[in-house]
Amino acid sequence: MSPQQTALLIDVIAGMLGGLGRVAVGASSPIPAAAAMLARERGGGRPTVSLLGTQAGSDMTDGGRELFDRAGQGRIDAFFLGGVQIDGGANINLIGTGPHPAASKRFPGSYGSAYLYFVVPRVILFRVEHTPRTLVESVDFISAPGTSPPEVYRPGGPYALVTGRCVFRFDAARGRFRLASLHPGHDLGEVRAATGFDFDCDEDPPTTPVPGAETMALLRGPIGRALAEVYPRFAATFLGGSREA
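Residues numbered from 1 in each chain as written. Predicted model: local features only at pLDDT ≥ 70, side-chain atom pairs only at ≥ 80, totals over all residues. Heavy atoms only, no water.

A. Region of the structure containing the packing of helix α6 (residues 213–227) against helix α7 (residues 232–239). As a packed pair, α6 and α7 sit with axes 8 Å apart at the nearest point and diverge in direction by 165°. Classed by the angle they form, the pair α6 and α7 counts as roughly antiparallel. Along this stretch, α6 crosses α7, giving a crossing that reads as left-handed. Residues L219, R220, I223, G224 and L227 of α6 form the contact with α7, whose participating residues are P232, F234, A235 and L239. (Axes fitted to C-alpha atoms, helices over the stretch in contact; angles between N-to-C directions. Helix = DSSP H or I, 4+ residues; strand = E, 2+ residues; numbered from the N terminus. Parallel < 35°, antiparallel > 145°, perpendicular 65-115°, else oblique. Left-handed = near helix turned anticlockwise from the far one by under 90°. Contact = heavy atoms within 4.5 Å.)

Structure, rendered in structure tokens:
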């Protein structure tokens, strides 16, 4: 993925975080981390950003346990989840592919994804790869469900799905995705062919806006330098930041 494509993904995710109070970002998530920092720059210090697994980028002192406590108390407004597979109901699979429990491939596991999916109001699903292998009709194993029965108390849930080809918004009332925009260079036919689940869309979907000069200056300047403390290779490669800059 090129620096320009990376900047577009950062910009579109940042636009989903404006006006929020606190955003938490899991480990090994440089694009969501950069997006949260960009939203903070635009918001004059808000949202507050906590990068898990770091000392420089987080005010949490007790790792995952503190994240879960804050989320349960309603003190986390947005979080990011991915998955080996994501289906049209926003169910995610972090366990493995193939029939459970004899999965053909196994992955690290669900950890606290199901809990956070239920209590964080704005969960943004993020997966750069957009193929029928990753966006499937039905996940092989539900690590965290996208929706719950009406009688289940659930203040949290999926807000959007951002991929390398497009942006989907999740319609909670219908329990399915709607195409929000196509990234430059991609068309509706291509996205349909690359998506294993059905989705709603307009006849002529809009194009995801390209980041402007001001946004690029922030990414290549203060955000790139700040991100270099946590993701030095990513910052140097995609954002032009370095610890010495």
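Here the narrative resumes.
B. Looking closely at the pairing of strand β11 (residues 166–171). In this structure, strand β10 (residues 158–163) lies alongside β11, joined through three bridges in antiparallel fashion. Across the sheet, the residue bridging to L161 is F168, located in β11. Hairpin connection between β10 and β11: a loop of two residues separates the two successive antiparallel strands. Sheet topology places β11 next to strand β12 (residues 176–182); six bridges connect them, and they run antiparallel. (Pairing = 2+ DSSP bridges.)

C. Highlighting the sheet that holds strand β4 (residues 85–87). Spatial ordering of the open sheet is given by β5-β4-β9, a layout of three strands whose pairing is mixed. Looking at strand neighbours, the two that pair on one side only are β5 (92–93) and β9 (135–136), the edges of this open sheet. As paired elements, β4 and β5 share two bridges and run antiparallel to each other. Its bridge partner being in β5, Q85 is matched across the sheet by N93.

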